[in-house]
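Topology and contacts: notes
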Amino acid sequence: MKEETPILSKDGISYVIPFILITLCFALWGFANDITNPMVKAFSKIFRMSVTDGALVQVAFYGGYFAMAIPAALFIRKFSYKSGVLVGLGLYALGAFLFLPAEKTGSYYPFLAAYFIMTCGLSFLETSCNPYILSMGPEPTATRRLNLAQSFNPCGSLLGMFVAMNFIQNSLDPMSCSDRALLSPEEFEIMKHSDLSILIAPYLSISLVIAVIFVIIFITRMPKNADNGANSSFIPTVKRLFSRKSYREGVLAQFFYVGAQIMCWTFIIQYGTSILAGTAPNGFERGILSLLGENSSGVLSEKSAEVLSQGYNIIAMIFFVLSRFVCTFLLKYFRPGRMLSIFALGGILLSAGVILLQERAGLYCLVSISICMSLMFPTIYGIALDGTGEDAKLGSAGLIMAILGGSVLPPLQASIIDTETVFSMPAVNVSFVLPLICFVVISVYGARVKDSNAKKSHQA
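Keep in mind that what you see is a predicted model, and the values were worked out from it rather than measured.

On to the overall build of the protein, then. Each helix and strand counted, the protein has 23 helices and four strands in total. By the compact-globule yardstick of 23 Å for 460 residues, the protein fits well, its C-alpha radius of gyration being 23 Å. Along the first, second and third principal axes, the C-alpha atoms of the protein reach 70 × 50 × 40 Å. Across the 460 residues in the protein, those meeting the buried criterion constitute 53%.

And the structure:
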């Protein structure tokens, strides 16, 4: 009987403790991502500014990711994965702590600087932690191992959504932007500082949590054979990476995946509101509204429909979390490329349902897309870096920079939604043709990788 390949040990060395510590970092950056998304609206309200100005939060957020990916990769090539993780945690904690002096200034732009520093840390973390997890055991179980670690990322995301909703959004002064505009300068300053003191509290708390995890990882000895430095030149490494079809196409697939994920999770509010407003909630929806503290009697107003749509977004995230654990188990029996192709095909079919189906059936399809997406990021990542050895330290940077898809594609979808109708169909429905195209790209990538692996097995 063939012995099963271990997932967290190699050459008699156990990686369980290092794996647990690094996996905590996955939850930490998931928390940061999803506590930040609602801050666009919060800052717009607190500072009485336009949504466009508030959206600079996302510019700073993605800017930090993009700007620091290559420097992070060069740093961990010179030093080690562990050093990269520690720098990432340090910058994350520093950025979160800088919310305190930013609040003291009462100005918006110091918060953007704090976000940028914080996400420079997140870029260091993702560039370090993903390939670090891949290295913590035998290569045949690398993608499965990364899927397991990534399963805790949406757990952090759910916590971030919960904190944002209950400790920030629900605690801010409910006065509308138009009413705030009528306040005297003195009254406005008092309200602004009161709201900012509420907004910064979770960030200061997470900075303390990160400091504790920093100390624990710093004093923990990481196995040497999972953390060897390399000093090969930059340009030759890039050439080697992009000579690999699975890597260069993997970067492209990751760009489209992140774009699809952000589009499906961001515009579920607009899609759900367009369907639910003016309808009577069913029993299940009344339960959701009750849990979210919203009155569920009678026909849904636009505000109640938005709240209910956010509830559906939380359900989508729960599906995402559960599916990640299921996929980690399934990868024990199926090739990653085959599963990626099948799940992307599921995303295509469900996206078609979102576009074509009316009323709640389309919304159910949109929520279910998260089941298909759960597999994609870590599986594309693992396939793209498979067999790259020490080049993975630089290769991970390209895959993290592909997160830029999350800031490039959603504005395109928003421009479609703003047209209101397309070919006599609701524009919000038609806009989901963009995620559909993304899933086509991912499905083709999975199929090409699957066929390539089949040829290798045949030749062997």
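After that view, the rundown keeps rolling.
This paragraph deals with the pattern of salt bridges. Should the charged atoms of two oppositely charged side chains come close, the side chains can pair. Summed over all chains, the structure comprises six salt bridges. The partner of Asp391 in a salt bridge is Arg240, and the shortest N-O contact between them spans 2.8 Å. Residue Asp391 is located in the loop between helix 19 (376-385) and helix 20 (392-401), and its partner Arg240 is located in helix 12 (residues 234-242); the two are separated by 151 residues in the primary sequence.

What follows deals with the packing of aromatic side chains. All told, the structure shown has 27 aromatic pairs when counted by the stated rule. An angle of 65° between the planes, with centres 5.4 Å apart, marks the rings of Phe329 and Tyr333 as edge-to-face. Following the ring pairs from residue to residue traces out a cluster consisting of Phe43, Phe47, Phe99, Tyr108, Tyr109, Phe111, Tyr115 and Tyr203. Just above the ring of Phe79 sits the side chain of Lys78; from NZ or CZ to the centre is 5.8 Å.

Relative to the elements of secondary structure, Arg360 occurs in helix 18 (residues 360-373). In terms of polar contacts, Arg360 uses its side chain to reach the side chain of Thr279, at 3.2 Å. A polar atom in the side chain of Arg360 sits 2.8 Å from the side chain of Glu285.

Turning next to the confidence of the model for the protein. On average, residues of the protein score 85 in pLDDT, and 93% of them are at 70 or above. Per-element confidence in the protein ranges from a low mean pLDDT of 65 for helix 3 (residues 51-54) to a high of 95 for helix 5 (residues 81-97). Below a pLDDT of 50 lies the segment residues 454-460, which in the model reaches one contact outside its immediate sequence neighbourhood of four places, other chains included.

Another point: the packing of helix 17 (residues 336-356) against helix 19. Direction vectors running N to C along helix 17 and helix 19 enclose 145°, while the axes themselves pass 10 Å from each other. Seen along the crossing, helix 17 lies across helix 19 with a hand that is left-handed. Between helix 17 and helix 19, the residues in contact are Pro336, Gly337, Leu340, Phe343 and Ala344 and Met376, Thr379, Ile380 and Ile383, respectively. Its residues assigned to classes, the contact of helix 17 with helix 19 shows seven nonpolar, two polar and no charged.

Before going further, it helps to spend a moment on a nonpolar patch on the surface. A grouping of Ile318, Phe319, Leu322 and Ile371 is seen on the molecular surface, where their side chains present a nonpolar patch of about 320 Å² in accessible area. Residue contributions to the nonpolar patch peak at three residues, all from helix 16 (residues 302-330). With respect to the secondary-structure elements, Leu322 resides in helix 16. With a relative accessible area of 51%, Leu322 lands in the exposed category.

Turning our attention to the environment of Gly160. Considering the arrangement of structural elements, one finds Gly160 in helix 9 (residues 153-169). Residues Gly160 and Thr328 lie 168 residues apart in sequence; the distance between their C-alpha atoms is 23 Å. Not counting residues within four places of it along the chain, the set of residues in contact with Gly160 comprises Phe31, Asp34 and Ile35.

This part takes up the state of the cysteines. The tally for this structure, following the rule as stated, stands at zero disulfides. Counting only cysteine sulfurs, Cys264 is the nearest neighbor of Cys438, a cysteine outside any disulfide, at a range of 8.3 Å.

Contact geometry of helix 14 (residues 268-276) with helix 18 gives a least axis separation of 9 Å together with a crossing angle of 160°. Considering the angle they form, helix 14 stands roughly antiparallel to helix 18. Read as a crossing pair, helix 14 and helix 18 show a hand that is left-handed. Taken together, the residues of helix 18 that come into contact with helix 14 (itself represented by Ile268, Tyr271, Gly272, Ile275 and Leu276) are Arg360, Gly362, Leu363, Leu366 and Val367. Considering only residue class, the contact of helix 14 with helix 18 consists of seven nonpolar, two polar and one charged.

Turning our eyes to something else, we now look at helix 7 (residues 109-135). An α-helical segment advances 3.6 residues per turn. Residues three or four places apart therefore align on the same side. With 27 residues, helix 7 should cover 39 Å at 1.5 Å per step; its first-to-last C-alpha distance of 40 Å lies within 8% of that length. The first or second residue beyond helix 7 is Gly137, which carries a positive phi of 150°.

The next thing to look at is the environment of Gly287. Relative to the assigned elements, Gly287 resides in helix 15 (residues 283-291). Separated by 82 residues in sequence, Gly287 and Ile369 have C-alpha atoms that sit 23 Å apart.

Here we come to the environment of Val163. Among the secondary structure elements, Val163 is positioned in helix 9. For the pair Val163 and Ala60, spaced 103 residues apart in the sequence, the C-alpha separation amounts to 21 Å. If we ignore the near neighbours within four places in the chain, the residues touching Val163 are Phe31, Ile35, Ile168 and Pro202.

How each quantity is defined
Residues numbered from 1 in each chain as written. Predicted model: local features only at pLDDT ≥ 70, side-chain atom pairs only at ≥ 80, totals over all residues. Heavy atoms only, no water. Helix = DSSP H or I, 4+ residues; strand = E, 2+ residues; numbered from the N terminus. Rg over C-alpha atoms; globule rule 2.2 N^0.38 Å. Buried < 20%, exposed > 50% of the residue type's maximum accessible area, 1.4 Å probe, protein only. Salt bridge = Lys/Arg side-chain N within 4 Å of Asp/Glu carboxyl O. Phe/Tyr/Trp six-rings, centres within 6.5 Å; stacked < 30°, edge-to-face > 60°. Lys NZ or Arg CZ within 6 Å of the ring centre and 35° of its normal. Polar contact = N/O pair within 3.5 Å; in protein donor to acceptor, adjacent residues only side chain to side chain. pLDDT = per-residue confidence, 0-100. Contact = heavy atoms within 4.5 Å. Axes fitted to C-alpha atoms, helices over the stretch in contact; angles between N-to-C directions. Left-handed = near helix turned anticlockwise from the far one by under 90°. Nonpolar A, V, L, I, M, F, W, Y, C, P; charged D, E, K, R; others polar. Patch = residues over 30% accessible without salt bridge, like charges linked within 9 Å, V, L, I, M, F, W, Y side chains within 5 Å. Areas by Shrake-Rupley, 256 points an atom, 1.4 Å probe, with all protein chains shown as cover. Disulfide = S-S within 2.5 Å. Parallel < 35°, antiparallel > 145°, perpendicular 65-115°, else oblique. Expected span 1.5 Å × (residues − 1).

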